[in-house]
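Analysis of the macromolecular model
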Amino acid sequence: MVEIYADGACRGNPGPGGWGVWLRSSAHEKELWGGTPDTTNNRMELTAVIEALASLKRRCRVIIHTDSQYVRNGITTWIHNWKARGWRTADGKPVKNAELWDRLDRLNAAHDVHWRWVKGHAGDEGNERADALANKGVDEVTGVRPRARPSA
């Protein structure tokens, strides 16, 4: 069982963005993060879960904690109709971020994934840690000196 906390951040929307992931399984844990100079918050939220799942070396049981209703609803509900309509929305417009949704769909199918929504910025340890990592990703692409992580 792998628990994943994933988050995205954007300074401006669009603007410089970052994604962060905290993975843990038993006594093992791993942090991942990255950033992009010009992106959107939704793209960073998607990238976080994509990078998390892509980092797994074999099929796993996974719980993904995200504060993004866009990601959770998209992968658990909306994607089925998008695919059936050829990556079009109900009103016939192209699905935004379709290439990321397609990759996430394939990675989601490669694992036994359970999706959990958590309220952002509400003191959840895993979400706060993923948020800090996402902001580290933004800092790296903007050249801002890394912030010290508060001690527990």
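Here's a quick rundown of the structure. Just so it is clear, the structure is predicted and the values come from calculations on it, not from any experiment.

We now examine the overall build of the protein chain. Helix and strand counts for the protein chain stand at four helices and five strands. For the protein chain, the N- to C-terminal ordering of α and β elements is β-β-β-α-β-α-α-β-α. What you see for the protein chain is a C-alpha radius of gyration of 15 Å, in line with the 15 Å of a compact globule of 152 residues. The principal-axis extents of the C-alpha atoms in the protein chain amount to approximately 50 × 35 × 30 Å. Partitioning the intrachain contacts of the protein chain with sequence separation of at least 6 by distance along the chain shows that 64% fall at a separation of at least 24. Only carbon and sulfur atoms are counted for the fraction: they give 49% of the accessible area of the protein chain, which is about 8,300 Å². For the protein chain, the distance from the average site of its 23 positive side-chain charges to the average site of its 19 negative ones is 4 Å.

Before going further, it helps to examine the sheet that holds strand β5 (residues 112-117). The strand order β3-β2-β1-β4-β5 describes an open sheet built from five strands, whose pairing is mixed. Two strands in the sheet have a free side with no partner beyond their single neighbour: β3 (28-39) and β5. Strand-to-strand twist in this sheet, taken as the mean axis angle between neighbours without regard to direction, amounts to 20 degrees. Sheet strands touched by helix α2 (residues 69-84): β4 (61-66) and β5. Its angle to β5, the strand with the most contacts, is close to 140 degrees.

Think of an α-helix as 3.6 residues a turn; residues three or four steps apart then line up on the same face. Taking 1.5 Å per residue, 16 residues should reach 22 Å; α2 reaches 21 Å between its end C-alpha atoms and fits that length. Along α2, the helix axis deviates most sharply at W78, where the bend reaches about 60 degrees. Residues Y70, V71, G74, I75, I79 and W82 constitute the buried set of α2. Tucked into the core, α2 has its buried residues touching α1 (41-54), β4, α3 (98-109) and β5.

Running from amino to carboxyl end, α2 crosses α3 at an angle of 100 degrees, the nearest separation of the two axes being 11 Å. With respect to α3, the axis of α2 lies roughly perpendicular. Contact residues: Y70, V71, G74, I75, I79, W82 and K83 in α2; W101, L104, D105 and N108 in α3. Residues that form the contact of α2 with α3 fall into these classes: seven nonpolar, two polar and two charged.

With that settled, consider the packing of aromatic side chains. On inspection of all chains with the given rule, the structure shows four aromatic pairs. Summarising the aromatic geometry, the rings of Y5 and W22 are spaced 5.6 Å apart at their centres and angled 25 degrees between planes, so their arrangement reads as stacked. A residue pair is termed long-range when its members are at least 10 positions apart, and Y5 in strand β1 (residues 2-10) and W22 in strand β2 (residues 15-25) qualify at 17 residues. The burial state of Y5 is the same as that of W22; both residues are buried. Relative to W101, the ring of Y70 has its centre 5.2 Å away and its plane inclined at 70 degrees; by these criteria the two rings are edge-to-face. Placement of Y70 in helix α2 and of W101 in helix α3 is noted, with a sequence separation of 31 residues between them. On the accessibility criterion, Y70 (19% relative accessible area) is buried. For W101, a relative accessible area of 0% corresponds to the buried category. Here the aromatic cluster, defined as three or more aromatic residues joined through ring pairs, consists of Y70, W78, W82 and W101.

Cut-off values and rules
Residues numbered from 1 in each chain as written. Predicted model: local features only at pLDDT ≥ 70, side-chain atom pairs only at ≥ 80, totals over all residues. Heavy atoms only, no water. Helix = DSSP H or I, 4+ residues; strand = E, 2+ residues; numbered from the N terminus. Rg over C-alpha atoms; globule rule 2.2 N^0.38 Å. Contact = heavy atoms within 4.5 Å. Areas by Shrake-Rupley, 256 points an atom, 1.4 Å probe, with all protein chains shown as cover. Lys, Arg positive; Asp, Glu negative; His and termini not counted. Charge placed at Lys NZ, Arg CZ, Asp CG, Glu CD. Pairing = 2+ DSSP bridges. Axes fitted to C-alpha atoms, helices over the stretch in contact; angles between N-to-C directions. Expected span 1.5 Å × (residues − 1). Bend = angle between axes of the 7 residues up to and from the residue. Buried < 20%, exposed > 50% of the residue type's maximum accessible area, 1.4 Å probe, protein only. Parallel < 35°, antiparallel > 145°, perpendicular 65-115°, else oblique. Nonpolar A, V, L, I, M, F, W, Y, C, P; charged D, E, K, R; others polar. Phe/Tyr/Trp six-rings, centres within 6.5 Å; stacked < 30°, edge-to-face > 60°.

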